[in-house]
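Here is how the chains run, residue by residue.
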Amino acid sequence: MKIKIIILLSIVAFVISMPFIFNKSVTITDPHKLDADDNFIVYEWVEPRTGTNKEWDYNLKPVQVSDRVWCFFGAMEMPTKENAGDMSNSCYIKGKDSWIAWDSGPSYIFAKQAHAAMKKIADLPVKTVIVSHEHDDHWLGNNYYKETQGAIVYGPKSVNVNYLGYDEHTGKPNENTRDVPPQTRMIRALYQNAIRGTKLAAVDESFDKTTEFTLHGIKMEYVKVGYAHSEEDWFLYLPEDKVVLVADVVMNGRVTSNRDGIVVGQLNALKAIKARDWNHLVPGHGFITDKTADDESIQYFTLLKDRVLEGIEEEIHPDFITKHVTLEEFRNKELYYLLSPGNVFRSYEELEMYEGDEEDEKEEEEEKE
Ligand SMILES: [Zn+2]
């Protein structure tokens with residue numbers, strides 16, 4: 001009898017605790033419906049189906065962010081075989097006669113499946129692709145759009161220079177240009193059925209400074225923020241839509257990766273974003289797209305700069321700077337343990353020079369203009 005009661009009680013306790021055990025994430029039944037209501041958008045990450053399929057199934061579901069903007073939100077992880085590189089955000093803007101792709105994702109197959117999903121919303125070609133920066137989770141889909149759509153790719157010169165070996169000054173191929181482009185981390189990491197067909201495709205059109213244009217009936221400002229998260233970062237502002245697509249100068253829900261970036265440039269980029277009038281911001285990684293979308297990044301980089309500078313002031317030895325500056329506020333964010341110490345160390349290297357040489361700082365500022 002006693003045993004029966006104990007079993008019964010354990011079952012009751014288990015049932016009561018069920019919501020707490022399984023309720024780790026918010027369940028979104030229809031992500032298409034999450035849109036312009038000033039609340040943040042949560043996209044429930046759906047694992048792609050693995051197996052022996054000829055073509056990886058990214059299981060892509062576009063989320064509408066505003067009237068004319070839909071985005072694909074990637075996992076809050078580093079690129080792995082299991083996520084097939086689907087760990088960054090990319091968007092589609094609905095023009096009159098064409099979709100405009102903002103970043104093209106980690107592979108040819110990703111881009112192909114993204115376009116197929118968007119065609120169900122409006123059966124339009126993709127004549128223009130605009131790229132934010134050179135990291136390969138953001139632009140390896142370019143060759144799908146160029147090969148099948150005849151798309152023109154706008155993007156940073158650094159893609160052509162750093163990956164294809166184009167001339168730094170002319171942005172065109174020269175005698176040193178590689179015949180075979182290098183394998184990026186994505187090409188090395190992904191399963192064949194995910195990366196098949198992906199080729200490093202050159203950017204067709206680059207700009208030296210912030211440029212305004214109207215493409216397929218959409219007004220946009222392509223804003224150069226320069227050396228921030230990578231060697232050359234750009235964001236896209238849609239003034240009529242009050243949307244800003246900023247890629248990796250903003251991340252939320254996870255700790256950023258500043259391995260190729262600089263804190264001072266990041267803070268400048270965040271200032272340039274704040275200076276625009278927008279209701280929705282789509283980060284390069286993370287699911288928050290409302291007016292608070294950039295809060296975490298502003299806090300992270302402000303604290304990072306202040307605390308590392310304090311550490312330098314207190315003459316903390318470089319070996320101990322990551323123990324001294326821990327950014328506790330971000331401990332519960334994704335990728336904290338993996339990336340935050342590296343960001344601290346990288347900032348230490350940068351800010352030590354920044355402190356030591358005012359001249360450099362001025363020159364850097366001038367270059368940004
Ligand atoms: Zn990046």
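Scoring rules and cut-offs
- Numbering of residues begins from 1 in every chain and follows the order in which that chain's sequence is written.
- Residues qualify for local features only when their pLDDT is at least 70, as the model is predicted, and side-chain atom pairs are given and counted only at 80 or more; totals for whole chains, interfaces and linings, by contrast, use all residues.
- Side-chain calculation: all heavy atoms of the structure are included, whereas hydrogens and water are not.
- Note on disulfides: each one is a pair of cysteine sulfur atoms within 2.5 Å.
- Only DSSP runs of H or I reaching four residues or more are called helices, and only runs of E reaching two or more are called strands; each is numbered from the N terminus.
- Residue burial is assigned from relative accessible area. The probe radius is 1.4 Å, only protein chains are included, and a residue is buried under 20% of its type maximum, exposed over 50%, and partly exposed in between.
- In predicted models, pLDDT denotes the confidence assigned by the predictor to each residue on a 0 to 100 scale.
- By the convention used here, residues are in contact when the closest approach between their heavy atoms is within 4.5 Å.
- Donor atoms are limited to N, O and S found within 2.8 Å of the metal ion, a distance that becomes 3.2 Å for Na, K and Ca. With water left out, some sites might look partial.
- Angle rules define the geometry names used: all angles between 85 and 135 degrees makes four donors tetrahedral, while opposite donors over 155 degrees apart and all other angles between 65 and 115 make four donors square planar and six octahedral, leaving every other case irregular.
- Patch definition: residues with relative accessible area over 30% and no salt bridge; like charges joined within 9 Å; nonpolar side chains (Val, Leu, Ile, Met, Phe, Trp, Tyr) joined within 5 Å.
- Residue-level accessible areas treat just the shown protein chains as cover; the underlying method is Shrake-Rupley with a 1.4 Å probe.
- The salt bridge criterion pairs a side-chain nitrogen of Lys or Arg with a carboxyl oxygen of Asp or Glu, the two atoms within 4 Å.
- Charged residues are defined here as Lys and Arg on the positive side and Asp and Glu on the negative side; His and the ends of the chain fall outside this count.
- To locate a charge, the coordinates of NZ of Lys, CZ of Arg, CG of Asp or CD of Glu are taken.
- Stacked, edge-to-face and tilted labels apply to pairs of Phe, Tyr and Trp rings (six-membered ring for Trp) whose centres lie within 6.5 Å, assigned for plane angles under 30 degrees, over 60, and everything in between, in that order.
- When DSSP locates at least two bridges between a pair of strands, those strands are taken to pair.
- The axes used here are C-alpha line fits, helices contributing only the stretch in contact, and every angle between their N-to-C directions lies in the interval 0 to 180 degrees.

### Section: the state of the cysteines
Considering all chains together, one arrives at 1 disulfide under this definition. Disulfide partner of Cys71: Cys91, at an S-S distance of 2.1 Å. Looking down the S-S bond of the Cys71 and Cys91 bridge, the torsion is 100°, so its handedness is right-handed. Remark: Cys91 occurs in strand β3 (residues 90-94) and Cys71 occurs in strand β2 (residues 69-72); sequence separation between them is 20 residues. Exposure remark for Cys71: the relative accessible area of 0% places this residue in the buried category.

### What to know about the confidence of the model for the protein
Low-pLDDT portions of the prediction should not be read for the details of their coordinates. On average, residues of the protein score 86 in pLDDT, and 83% of them reach the 70 mark or higher. The model gives residues 19-28 a pLDDT under 50, and that stretch makes 8 contacts with residues more than four places away or in other chains. Segment residues 30-49: pLDDT under 50, and 56 contacts once partners within four positions in sequence are set aside and those in other chains are kept.

### Things to note about the coordination of the zinc ion
The coordination sphere of the zinc ion, as far as protein atoms go, consists of His133 (NE2), His135 (ND1), His229 (NE2) and Asp248 (OD), spread over 2.1 to 2.2 Å. For the zinc ion, the 4 donor atoms in the first shell make angles of 86 to 176° at the metal, a pattern classed as irregular.

### Observations regarding a negative patch on the surface
Judged by side-chain charge, Asp306, Glu310, Glu313, Glu314 and Glu315 come together as a negatively charged surface patch. Considering the arrangement of structural elements, one finds Asp306 in helix α8 (residues 295-313). Given the relative accessible area of 39%, Asp306 is considered partly exposed.

### Concerning the packing of aromatic side chains
Given two aromatic rings, their pairing is described by the distance between the two centres and the angle made by the two planes. Inspection of the entire model under this criterion finds 22 aromatic pairs. Consider the rings of Tyr222 and Trp234, whose centres lie 4.4 Å apart with planes at 20°: the pair is stacked. Of this pair, Tyr222 sits in strand β8 (residues 218-226) while Trp234 sits in strand β9 (residues 233-238), and the two are 12 residues apart along the sequence. This pair shows no difference in class: Tyr222 is buried, exactly as Trp234 is. Taken together through their ring pairs, the aromatic side chains of Trp56, Tyr58, Trp70, Phe72, Tyr92, Trp99, Tyr108, Phe110, Tyr144, Tyr145 and Tyr191 make up a single cluster.

### Quick word on the sheet that holds strand β5 (residues 126-130)
In any sheet, the strands associate via hydrogen bonds between backbone groups, in a parallel or an antiparallel arrangement. As summarised here, the arrangement of the 6 strands in space is β1-β2-β3-β4-β5-β6, forming an open sheet in which the pairing is mixed. At either end of the open sheet lies a strand with only one pairing partner, and these are β1 (63-66) and β6 (152-154). Between one strand and the next, the sheet's axes are offset by a mean angle of 25°, whatever the strand orientation. Both β1 and β2 contribute to a ladder of 3 bridges, which runs antiparallel. Note on β2: the bridge partner recorded for Val63 is Cys71.

### Observations regarding the sheet that holds strand β11 (residues 280-285)
Ordered by their spatial adjacency, 5 strands build an open sheet running β7-β8-β9-β10-β11, and the pairing between neighbours is mixed. Sheet topology places β7 (211-215) and β11 at the edges, where each strand pairs with a single neighbour. Each strand axis lies, on average, 30° off the axis of its neighbour in the sheet, ignoring direction. Examined bridge by bridge, β8 and β9 share 5 bridges and lie antiparallel to one another. Looking across to β9, one finds that Val223 is bridged to Phe235. Against the sheet, helix α7 (residues 263-274) makes contact with β8, β9, β10 (243-251) and β11, and its axis sits at roughly 165° relative to β10, the strand it touches most.

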